Amino acid sequence: MAKKNLLEFTDRGIYCAQGNFYIDPWLPVDYAVITHAHSDHARIGNKRYLAHHYSAQVLRYRLGEIQLQTVEYGETVTKNGVSISLFPAGHVIGSAQVRLSYQGEVWVVSGDYKVADDGISTPFEPVHCHHFISECTFGMPVYKWKPQAEVFAEMNNWWRHNRANGLATVIVGYSLGKAQRILQNLDLSTGKVYTHGVIENTNEALRRNGIQLNPTERITPLTSKDEVRKGIILAPPSAVGTPWMRRFGPYDFGYCSGWMSIRGAKKRRAADRGFVLSDHADWDGLLSAINATGCETVYLTHGYTASFSRYLSEIGFDAREVYTLFGGEEDAPTQAPPEGEAFEVLPLYNGEDLGGAS
Amino acid sequence: MRAFAQLFLSLDETNKTNEKVRILKEYFLSVPDTDKMHMLALFTGRKPKRPINASLVRTWAIEMAYIPAWLFEESYHVVGDLGETIALLLPKNNVSNSKTLTEWIAEINAIGNKTEEERKDWLTASWDMMDAQEKFVFNKILTGGFRVGVSQNLVIKALADISNLEAATLTHRLMGKWQPETYSFEQLIAEQGALDDISRPYPFFLAYPIQETSEKQKSPVELQASLGDAAEWQAEWKWDGIRAQMIKRQGQIFIWSRGEELATEKFPELHPFLNALPDGTVLDGEILTFKSGQPLPFSILQTRIGRKNLSKKILEESPVAVIAYDCLEFEGEDIRSKTQIARRAILEQLQLTTPFPEVFRLSPIINFTSWDELSEMRTQSRRMIAEGIMLKRKSAPYQVGRRRGDWWKWKIDPLSVDAVMIYAQKGHGRRADLYTDYTFAVWDGDKLVPFAKAYSGLTDEEIRRVDNFVKRNTLEKFGPVRTVKPELVFEIGFEGINRSTRHKSGIALRFPRILRWRLDKPKEEADTIETLRGML
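Residues numbered from 1 in each chain as written. Chains lettered and ligands numbered in written order. Predicted model: local features only at pLDDT ≥ 70, side-chain atom pairs only at ≥ 80, totals over all residues.

## Describing the overall build of chain A
Next, step 1: Helix and strand counts for chain A stand at 9 helices and 19 strands.
Next, step 2: When the 358 residues of chain A are sorted by exposure, 53% land in the buried category.
Next, step 3: Long-range pairs, those at least 24 residues apart, make up 58% of the contacts in chain A between residues at least 6 apart in sequence. (Helix = DSSP H or I, 4+ residues; strand = E, 2+ residues; numbered from the N terminus. Buried ≥ 20, exposed ≤ 12 C-beta atoms within 10 Å, placed from the backbone. Contact = placed C-beta atoms within 7 Å.)

Take a look at the structure:
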């Protein structure tokens, strides 16, 4: 019988039989190692959780009272001989790649990651391994990000322009990750930053965790509309087009996402402005990250898995597509399971925006 | 080119009409006059001839982007636009160049005659001196796919604001076969526009549809409420042919289709009657195929539309005639401001004197005294080989473009069947990377036979749900096409149905579109091929 792999892909999630734990499982299990706090990776109902220290308060805010152990980057936890340690993934604050080693064999599960330093998440660190389990949300060569300084310069100009023209400014981004990244890069000499409740709850959780964020003001029914219109409003995607947002009109609203680099996707969103800003690695980022691991095998969990694995195979990697339930944001290009593999298709989490970043 | 690329980007970055007009004005005021004319040509659908075919452009772009050809194709399916795909895939350079739009278009026009090698050198060198946005706009012009999300009306509004001319005047002056190389901005905005181009057509007046669905018909009472007294209206059949404007000026004739395409040579049967018209006459009407005094279905006309050469056989089998319904110019004078009744009287007068009454026909006026009576007559449309009824206010002038109020089209129900989706393909433009183009099938015994492709008619929310279904229920992939588990049922509407030897199902539909998603129907209850054959 062939030796069993240290990690397997099961209908509950990525499983380590030797250590008897799962990584980012989508059905309840006894022990879950969590890469980051987005809802397609950190789900409710597991008995015990292991995550990075910076994720603690956000996980508690999102999942309620959970039995959670937290560690620093590089710290090791051992389960039945399997060493588990976390390394920075650069995706959002507290996001981690999970490194597993057992009898000299090393596996790394990337979760979601980006290679560029966003100035707020601990920057991505490549980890040497034999087997790399990677996302590829933007695994097509048409996705190439500009340096964030350029994007934020455009955003700050746009805000000033709106203000000068009597328009309110609404900027839309996911509540964990994108919202804080935007917040830390706004030019606060232009005005104040007002936040939607969902975002402010996340900000508060992060501040409880000791993260320093720029000042924000939560929008409540008592907040003066005129004051808000002079500042900038940070809102989650779920607020777009709602009466909550409309009452601040007339406004210009900007949407931040990697998908905004394609004109068609931008038009579909009907945003006034699309800012190409992603918390995922772009094409070059994915390739450099995979190269840096020095791995033999790459497993691709979500994104353009079919094309990206084909390309990696052509340039000499042993690349395989696996089917997972990550990347459950509404507009992520999920690909169907490869033929012959019988997976039961589970409904995606489809709730409020507690969601993943794009 | 910088300014033009920026214009395109700025227009893309706002959904607000006023902002778009402001951006257009800013552009007009900041570029040389020749650039203005080139921009107007592009924005009104006058593209330069394609100097390099798309497959060569593709091949050279793939070489330069240094990726495998299949990955280029997959990227194209994600992006949904060739020019944009290339702009995204080519190496980034942060350079720009100072060439104007006029200069670039002159180069594009000149390169067509060069050798393949020269064209390649020119193209790669050109790409090398542009940033991504310039590349995108340049590619759009080069590959003939230039379309812009700004209506001609907005462009004309901006132009009217800076030139102090009426929008209708400018619309008229931008019609016809002008070229940006020879038509100057000065001529365009001159106070007294001399009618220097004798071929120039008038803007078509287009009717608004009376909105109704198969479940919700307009009652005579509702018509009375919204349109007023039946006596104020003239009714005609809505003919299903090619809308055309026919011009006779200074001994020359011109036939324009609604797409502003000069189609004079496509209809030689009409030349004798047009030549017999007095100089300074412009008619509006519908071109249809006729046989022994009877109009034939659109499908017969369709067989000759695409042909380059009209064979003797085609001319014999599908001879055309005109059903005229309006006169826009008479004795060299623009009479569009006269009332419907007055124009009709002139038209009838002209028709009375034609030596070719079989070719120059009048659209008969439907006599009716009440909305009740007209509703009843509308049900006979199909027997008349008409699509429904046109309503024209007797006191109304001939206006510019689609205007609400004085011209209404009141179509009869479209034909429809319930069909099962079996293939899906990603869309383009706004719908890129979403499965939006579907192939539908009906039952033939226990098999599903494909019979139509359709891609419009669903809401964005529905598209998103169908897209999700497709991604989770793919049986096979053939390039960009996915075979989907047959399950979803849609009602497919269409305007006409014909026998076809080219399609497996043996039928071809005209204007198929999705009317609605039949969530209430299981696939077993979709229609059969017999139902479709019964409609032939």
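## Let's talk about the overall build of chain B
Next, step 1: What chain B contains, in helices and strands, is 20 helices and 23 strands.
Next, step 2: The buried share of chain B, reckoned over its 536 residues, is 34%.
Next, step 3: Within chain B, contacts between residues at least 6 apart in sequence are counted, and of these 71% link residues at least 24 apart.

## Details of the interface of chain B and chain A
Next, step 1: Taken together, the contact between chain B and chain A spans 25 residues of the former and 20 residues of the latter.
Next, step 2: Every element with two or more residues in the side of chain B that touches chain A is listed here: helix H5 (69–79), helix H6 (82–89) and helix H19 (460–472) of chain B.
Next, step 3: The biggest single contributor to the side of chain B that touches chain A is H5 of chain B, with 5 residues.
Next, step 4: Looking at the side of chain B that touches chain A, its residues break down into 8 nonpolar, 7 polar and 10 charged. (Nonpolar A, V, L, I, M, F, W, Y, C, P; charged D, E, K, R; others polar.)

## Describing the nonpolar core
Next, step 1: Within the largest apolar cluster, 143 residues are counted, with the highest numbers of intra-cluster contacts made by Val98, Ile233 and Leu234 of chain A.
Next, step 2: Ignoring anything within four residues of it in the chain, the contact list for Val98 of chain A reads Ile23, Val33, Thr35, Ile84, Leu86, Val108 and Val109 of chain A.
Next, step 3: One finds Trp256, Leu288, Cys327 and Trp371 of chain B within the second-largest nonpolar core, a separate group that totals 47 residues. (Core = buried A, V, L, I, M, F, W, Y, C linked by C-beta atoms within 7 Å.)

## Overview of the confidence of the model for chain B
Interpretation of the predicted coordinates at a detailed level should be avoided for regions scoring low in pLDDT.
Residue and element names in this part refer to chain B.
Next, step 1: Overall, the prediction assigns chain B a mean pLDDT of 88, with 96% of residues at 70 or greater.
Next, step 2: Taken element by element, the predicted model of chain B shows its lowest mean pLDDT in helix H15 (residues 298–305) (76) and its highest in helix H17 (residues 340–352) (97).
Next, step 3: Here the complex is predicted with pTM 0.74, and the ipTM for its interfaces comes to 0.87. (pLDDT = per-residue confidence, 0-100.)

## Details of the sheet that holds strand S3 (residues 233–239) of chain B
Pairing between sheet strands relies on hydrogen bonds along the backbone, with the strands arranged either parallel or antiparallel.
All names here are of chain B.
Next, step 1: In space, the 5 strands of this open sheet follow the order S2-S14-S12-S3-S11, with mixed pairing throughout. Looking along the sheet, the strands with just one partner apiece sit at the ends: strand S2 (208–209) and strand S11 (365–366).
Next, step 2: Pairing analysis gives 6 bridges linking S3 to strand S12 (residues 386–393), with the strands arranged antiparallel. For Trp237, the partnering residue across the bridge sits in S12 and is Ile389.
Next, step 3: Sheet strands touched by helix H18 (residues 371–378): S3, S11, S12 and strand S14 (407–411). Its angle to S12, the strand with the most contacts, is close to 155 degrees. (Pairing = 2+ DSSP bridges. Axes fitted to C-alpha atoms, helices over the stretch in contact; angles between N-to-C directions.)

## Some words on the packing of helix H2 (residues 17–30) of chain B against helix H10 (residues 152–163) of chain B
Residue and element names in this part refer to chain B.
Next, step 1: For the pair H2 and H10, the least separation of the axes is 9 Å and the interaxial angle reads 55 degrees. Between H2 and H10, the crossing angle belongs to the class labelled oblique. Here H2 and H10 pass one another in a crossing that is right-handed. Taken together, the residues of H10 that come into contact with H2 (itself represented by Thr17, Lys20, Val21, Leu24, Lys25, Phe28 and Leu29) are Leu154, Val155, Lys157, Ala158, Leu159, Asp161 and Ile162.
Next, step 2: Of the residues that constitute the contact of H2 with H10, the class distribution is 9 nonpolar, 1 polar and 4 charged. (Parallel < 35°, antiparallel > 145°, perpendicular 65-115°, else oblique. Left-handed = near helix turned anticlockwise from the far one by under 90°.)

## Remarks on the domain arrangement of chain B
Residue and element names in this part refer to chain B.
Next, step 1: As assigned here, chain B comprises domain 1 (2–142), domain 2 (205–411) and domain 3 (415–534).
Next, step 2: Contacts between the two partners involve 5 residues from domain 1 and, on the opposite side, 8 residues from domain 3.
Next, step 3: Its residues assigned to classes, the side of domain 1 that touches domain 3 comprises 2 nonpolar, 2 polar and 1 charged. (Domains from an automatic or database assignment.)

## Thoughts on the sheet that holds strand S2 (residues 14–16) of chain A
All names here are of chain A.
Next, step 1: The sheet built from 6 strands is open, its strands ordered S1-S2-S3-S4-S5-S6 with mixed pairing. Among the strands making up the open sheet, the edge pair consists of strand S1 (8–9) and strand S6 (67–71).
Next, step 2: In the sheet, strand S4 (residues 31–33) pairs with strand S5 (residues 48–52) via 3 bridges, with the strands oriented parallel. Note on S5: the bridge partner recorded for Val33 is Leu50.

## Structural notes on the domain arrangement of chain A
Residue and element names in this part refer to chain A.
Next, step 1: Along its sequence, chain A is organised into domain 1 (8–143 + 279–321) and domain 2 (148–275).
Next, step 2: A straight line from the C-alpha centre of domain 1 to that of domain 2 covers 29 Å.
Next, step 3: Domain 1 puts 18 residues into the contact, and the matching count from domain 2 is 16 residues.
Next, step 4: When its residues are assigned to classes, the side of domain 1 that touches domain 2 shows 11 nonpolar, 5 polar and 2 charged.

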